[in-house]
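# Notes for the structure review
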Amino acid sequence: MTLRLHNTLTGTKDVFEPLEPGHVGMYTCGPTVWNFAHVGNLRAFLFYDLLRRQLSANGYRITHVMNLTDIDDRILDQAMHAGTTISEYVKPFVTAFFEDMRALRAQPAEHYPKATEHIPEMLAMISTLLERGNAYVADGDVYYRIASFPRYGALSHLDRAGLKAGARVSTDKYEKEDVSDFALWKKAQLGDEELGAAWDAPFGRGRPGWHIECSAMSKHYLGDTFDIHCGGVDLMFPHHENEIAQSEAANGKPFVRVWLHSEHLAEPSGEKMSKSAGGFITLRDLIAAGHDPLAVRFFLIANAHYRSRIRLSTEALHAAAEQVRRLREFADRVRRSQPAANEDDALVSHIVEIRAAYSEALDDDLNLPQGIGLVFELVREANAALDNNRVGTEGRRGLLNLIDEVDAHLDVMGGEEPGLADEVERLIAEREAARQAKDFARADLIREGLKQRGIALEDSRDGVRWRRVSHG
Ligand code: AMP
Ligand code: ZN
């Protein structure tokens, strides 16, 4: 098995090798918690999850860091309108983010640092950049001097002249030496104190710019040089270029070895989904419209390769739900089946081939859609063999292994474990008995335990009913 990943820096698919044998350090740009995450954001987060799972499949131990941007202009704006502090304002959105991640079965990262909890690290890096001449103070703000970093633009393969034209001119201030210089530190404005958005700094009270947080937090958790950095394509420029400029100038070492960027999700209209544009769709919206979060998961990771654009549509979600249903049904059927006396040798060797081809597809820059295509071919063939009683011990074992290997990425087939309904019914009966005996503490304990497992109980006229909920 050799994992190859498309590195934006080289522009080619390169064999992946971590700095430290057996261990991968990876930083992924996380949500700005000014609102719920939209489905486009979730696509990026599930791409991180897919990468994580394939690294695990290759036997790596992983230190995955995903930041939460809990300070930026939009957050300040919203908190001010809500008459609260930024830390109070973001709380429900932080909770919602973790709920969404759980509902979508994203494996948790090792660290979820918040920008506001790493201000000292940012101050230290900004001070270094000032000392080295990579930054300057202008009217209480601190800017990065892009002219001091000749390699600027290497990631997005843009030349310096092009970068200036593409810079965010709207946020530029006339005090800057150059229009493409970007803010590392912003002088405190009227009202920032009440919002809890100002910190002391050697260069004056204020708050950090957005780009410095990722440089400072990745250094804190992963060191000066680490293996993988991911984000959506929109972050390549200027955010990731700025991170490289900050980190390499401050640390004097190469920053990231492999950069991966996932493509956008478009709205049903074909427009790129964005929070700022208004009409964005959240996971909550989709669940309210009756979609299964796991169908959403399947649609986001398995329908298209992470480097191609996809468009959200009801039809696509229904098609994904149908594929999930077929896979689950197949997995259940194989798990319940008894090995037949006759073995179909052609099937057995085909299973071996498909298992190898599946893992090869995933090693080829995470080509899950291709892998899933192969699996569906085999599902048809295996279903026919099961109909004809031609799946013996070896075939059955091969199919079970394949199901596990595929579900290590998809994570949709373990949903309704066989026997779950019986166990829940037993616990409900136990809770009823406890209530009859006026042992309410025990009754509550059972209810709480089920809730932890994502099962909610409802007292109805016909007795107690249960249903799956997306979060506890
Ligand atoms: P944000 O919360 O805006 O900081 O973005 C979080 C992540 O979502 C980043 O990796 C973005 O690149 C990604 N992202 C933003 N919009 C989209 C979109 N429409 N499709 C896919 N990814 C997106
Ligand atoms: Zn970032």
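Heads up: these notes are all about the structure in this document.

Conventions used here
Residues numbered from 1 in each chain as written. Chains lettered and ligands numbered in written order. Predicted model: local features only at pLDDT ≥ 70, side-chain atom pairs only at ≥ 80, totals over all residues. Heavy atoms only, no water. Buried < 20%, exposed > 50% of the residue type's maximum accessible area, 1.4 Å probe, protein only. Helix = DSSP H or I, 4+ residues; strand = E, 2+ residues; numbered from the N terminus. Pairing = 2+ DSSP bridges. Right-handed = clockwise from strand over helix to strand, strands pointing away. Axes fitted to C-alpha atoms, helices over the stretch in contact; angles between N-to-C directions. Parallel < 35°, antiparallel > 145°, perpendicular 65-115°, else oblique. Left-handed = near helix turned anticlockwise from the far one by under 90°. Contact = heavy atoms within 4.5 Å. Nonpolar A, V, L, I, M, F, W, Y, C, P; charged D, E, K, R; others polar. Expected span 1.5 Å × (residues − 1). Near = heavy atom within 4 Å. Polar contact = N/O pair within 3.5 Å; in protein donor to acceptor, adjacent residues only side chain to side chain. Areas by Shrake-Rupley, 256 points an atom, 1.4 Å probe, with all protein chains shown as cover. Donors = N, O, S within 2.8 Å, 3.2 Å for Na, K, Ca; no water.

### Description of the pairing of strand S3 (residues 23-28)
Across the six residues of S3, six count as buried, placing the element largely inside the fold. Examined bridge by bridge, S3 and strand S4 (residues 61-66) share six bridges and lie parallel to one another. Counterpart to Tyr 27 in the pairing with S4 is Val 65. The parallel pair S3 and S4 is bridged by helix H1 (residues 39-57), and the resulting crossover is right-handed. Pairing of S3 with strand S9 (residues 226-232), which is carried by three bridges, proceeds in the parallel orientation. Its bridge partner being in S9, Met 26 is matched across the sheet by Ile 228.

### Brief notes about the packing of helix H10 (residues 314-336) against helix H12 (residues 368-387)
H12 packs onto H10 with a crossing angle of 40° between their chain directions and a minimal axis gap of 11 Å. With respect to their mutual orientation, H10 and H12 come out oblique. The hand of the H10/H12 crossing is left-handed. Contacts between H10 and H12 involve Gln 323, Arg 326, Leu 327, Phe 330, Arg 333 and Val 334 on the former and, on the latter, Val 375, Phe 376, Val 379, Arg 380, Ala 382, Asn 383, Leu 386 and Asp 387. Tallied by class, the residues present in the contact of H10 with H12 amount to eight nonpolar, two polar and four charged.

### Comments concerning the sheet that holds S9
A sheet is described by the order of its strands in space; here four strands give the open sequence S4-S3-S9-S10, paired in parallel fashion. Sheet topology places S4 and strand S10 (256-262) at the edges, where each strand pairs with a single neighbour. In this sheet, adjacent strand axes meet at a mean angle of 20° when their direction is disregarded.

### Remarks on helix H6 (residues 210-222)
For H6, with 13 residues, the first-to-last C-alpha span of 19 Å sits near the 18 Å given by 1.5 Å per residue. Burial in H6 covers these residues: His 211, Ile 212, Glu 213, Cys 214, Ser 215, Ala 216, Met 217, Ser 218 and Leu 222. In the stretch just after H6, Gly 223 is the one whose phi turns positive, near 95°.

### Brief notes about the site of ligand 1
Near ligand 1 there are 20 residues, and of these Thr 32, Gly 40, Asp 234, Leu 265 and Met 273 occur at the shortest range. Contact between ligand 1 and Tyr 48: an oxygen atom at 3.0 Å from a side-chain N or O atom of the residue. Between ligand 1 and the protein, one listed contact pairs a nitrogen atom with a backbone N or O atom of Leu 265 at 2.8 Å. Taking 500 Å² as the accessible area of ligand 1 by itself, protein coverage stands at 94%. Elements with a contribution of two residues or more to the shell around ligand 1: H1 and S9. Taken together, the residues of the shell around ligand 1 break down into eight nonpolar, eight polar and four charged.

### With respect to the coordination of the zinc ion (ligand 2)
Summarising the metal site, the zinc ion (ligand 2) is bound by the protein donors Cys 29 (SG), Cys 214 (SG) and His 239 (NE2), whose distances to it range over 2.1 to 2.2 Å. Read N to C, the donor residues that coordinate the zinc ion (ligand 2) are spaced as C-x184-C-x24-H. Of this pair, Cys 29 sits in the loop between S3 and H1 while His 239 sits in helix H7 (residues 236-251); the two residues are 210 residues apart in sequence, bridging distant segments of the chain. When its relative accessible area of 1% is taken as the criterion, His 239 is described as buried.

### Section: the sheet that holds strand S7 (residues 182-187)
In space, the four strands of this open sheet follow the order S5-S6-S7-S8, with antiparallel pairing throughout. At either margin of the open sheet sits one strand with a lone partner, and together these are strand S5 (135-138) and strand S8 (206-208). Between one strand and the next, the sheet's axes are offset by a mean angle of 25°, whatever the strand orientation. Where strand S6 (residues 141-144) and S7 come together, three bridges link them in antiparallel fashion. In the strand pairing of S7, Val 142 is matched with Trp 185. Across the sheet, helix H4 (residues 119-131) is in contact with S5, S6, S7 and S8; its angle to S7 comes to roughly 120°.

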